[in-house]
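# Tertiary structure, described
Okay, here's what each chain looks like letter by letter:
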Amino acid sequence: MILKERSWYRDDRPNLIGIKTVDKSVFHYGTQVPLKFAPFFAEANKKPLPERGEKSEIVLVVNGVEYKANFHNMNRKGIASDTFQIRYDGNSRLKDLLRRVFSHSFTALAGNADVKIEDIENEEETLSVVETMEFYATETPMKYDVRLQPSEETKQEVRIWWVNQGVTIQAAQNEGVI
């Protein structure tokens, strides 16, 4: 069974809660969780989701490193339904990691700095490649295994630090040293 809602989708992989397609919100505050996906988080948490206006502390495990975040049920004026969000806006370590791992998306979206998140109708049109965050349930309630899936372009980028800050890097590349 495949379930899709906005920038989230889900298939039948064991323990998969959902897959988030990277968009601008990922680099700023976290992500909104569509209502269709909320029950999968509740099942992974082994307890009900927070009531409106409340939050629960969660742990996102990325490559074995734990990052603190919150699962919010936002109390939005004039909105009758629940609004769930995974928020890590205060976690600069996690945001820095996401900007590095998803450098292709971050660069493409940063090029649209004047565009506000809420003004983008379809960020998939802005991005030429798709990068994702896969959320999996763990044995521990309120702790999710998050697997980052960068683009092939990002994976293939050559990242080196050169003592001369690039002054002689071209010559070394031309000679086949690097």
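Scroll up to find the structure.
First things first, this report covers the structure right here in the doc. Computed from a predicted structure; not experimentally measured.

What counts and how
Residues numbered from 1 in each chain as written. Predicted model: local features only at pLDDT ≥ 70, side-chain atom pairs only at ≥ 80, totals over all residues. Heavy atoms only, no water. Helix = DSSP H or I, 4+ residues; strand = E, 2+ residues; numbered from the N terminus. Buried < 20%, exposed > 50% of the residue type's maximum accessible area, 1.4 Å probe, protein only. Contact = heavy atoms within 4.5 Å. Areas by Shrake-Rupley, 256 points an atom, 1.4 Å probe, with all protein chains shown as cover. Salt bridge = Lys/Arg side-chain N within 4 Å of Asp/Glu carboxyl O. 1 Å grid on protein atoms, 1.4 Å probe; cavity = no way out; pocket = protein on both sides within 12 Å on 5 of 7 lines; lining within 4 Å. Points joined across faces, edges and corners; volume = space filled by probe spheres on them. Nonpolar A, V, L, I, M, F, W, Y, C, P; charged D, E, K, R; others polar. Core = buried A, V, L, I, M, F, W, Y, C linked by side-chain atoms within 4.5 Å.

Quick look at the overall build of the protein now. For the protein, the count of helices and strands is 7 helices and 9 strands. The buried share among the 178 residues of the protein stands at 43%. Within the protein, residue pairs in contact and separated by at least 24 positions form 58% of the contacts whose partners lie at least 6 positions apart. For the protein, the exposed surface amounts to about 10,700 Å²; the carbon and sulfur share of it is 49%.

Let us now look at the pattern of salt bridges. Counted under the stated rule, the structure contains 8 salt bridges. We note a salt bridge from arginine 13 to aspartate 11, for which the minimum N-O separation is 2.9 Å. A salt bridge links arginine 147 to aspartate 145; the nearest nitrogen and oxygen atoms lie 2.9 Å apart.

This part covers the layout of surface pockets. Counted as a void, the second largest pocket has a volume near 180 Å³. In terms of lining, the second largest pocket is formed by Arg10, Asn15, Leu16, Ile17, Phe40, Glu43, Ala44, Lys46, Ala137, Thr138 and Glu139. Of all the elements, helix 2 (residues 38–45) adds the most residues to the lining of the second largest pocket, at 3 residues. Partitioned by chemical class, the residues of the lining of the second largest pocket number 5 nonpolar, 2 polar and 4 charged.

So, about the nonpolar core. Counting 35 residues, the largest nonpolar core has Phe41, Leu60, Met133, Phe135 and Tyr144 as its most contacted members. Within the residue set of this core, elements represented by two or more residues are helix 1 (24–28), helix 2, strand 5 (55–62), strand 6 (65–74), strand 7 (83–87), helix 3 (92–101), strand 8 (132–137) and strand 9 (143–149). Of the residues forming this core, the biggest block, 5 residues, is contributed by helix 2. Sequence-distant contacts of methionine 133, that is, excluding residues within four places in its chain, are made with Gly18, Ile19, Lys20, Val22, Val26, Tyr88, Leu98, Phe102, Val146, Arg147 and Leu148.

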